[in-house]
Amino acid sequence: MNDTNQRFSPIAVELEKDKKYSWCTCSHSNNQPLCDGSHRAEKATPPLTFIAEEDKKAFLCTCKLTKNPPYCDGSHKN
Ligand code: FES
């Protein structure tokens, strides 16, 4: 694994059923993979908001290339 892959590897998050999450789509957040509001100052894309359907550990995308947001689909390896 090279530095690029490590930097953009997915981050495991323990999702809680029925809880709302804001997944960062702009890459500016300092709280990856979740939004910290930085997109406003950067005039970048807003977060993708989703509600967890169940309690589960999920690997959320940080490279922002996934075709299945907010979840990692392995695109960071390409
Ligand atoms: S900081 Fe990236 S979407 Fe909000």
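Criteria and thresholds
Residues numbered from 1 in each chain as written. Predicted model: local features only at pLDDT ≥ 70, side-chain atom pairs only at ≥ 80, totals over all residues. Heavy atoms only, no water. Helix = DSSP H or I, 4+ residues; strand = E, 2+ residues; numbered from the N terminus. Rg over C-alpha atoms; globule rule 2.2 N^0.38 Å. Buried < 20%, exposed > 50% of the residue type's maximum accessible area, 1.4 Å probe, protein only. Contact = heavy atoms within 4.5 Å. Areas by Shrake-Rupley, 256 points an atom, 1.4 Å probe, with all protein chains shown as cover. UniProt positions renumbered as here; feature names shortened; annotations may be inferred.

**Brief notes about the overall build of the protein**
Next, step 1: Each helix and strand counted, the protein has 2 helices and 4 strands in total.
Next, step 2: For the protein, the sequential pattern of α-helices and β-strands runs α-β-β-α-β-β.
Next, step 3: Expected size for 78 residues packed as a compact globule is a radius of gyration near 12 Å; at 12 Å, the protein falls within 12% of this value.
Next, step 4: A principal-axis box enclosing the C-alpha atoms of the protein has dimensions of 35 × 30 × 20 Å.
Next, step 5: Counting the 78 residues in the protein, one finds 32% classified as buried.
Next, step 6: If you take every contact in the protein between residues at least 6 apart in sequence, the share linking residues at least 24 apart comes to 56%.
Next, step 7: Here the protein has roughly 5300 Å² of accessible surface; of this, 47% comes from carbon and sulfur atoms.

**Focus on the UniProt feature "domain: Iron-binding zinc finger CDGSH type" (unreviewed entry) in the protein**
Next, step 1: Here the UniProt feature "domain: Iron-binding zinc finger CDGSH type" (unreviewed entry) sits at residues 8–45 and 47–78.
Next, step 2: Secondary structure across residues 47–78 divides into 0% helix and 28% strand, with the first and last C-alpha atoms of the span separated by 24 Å.

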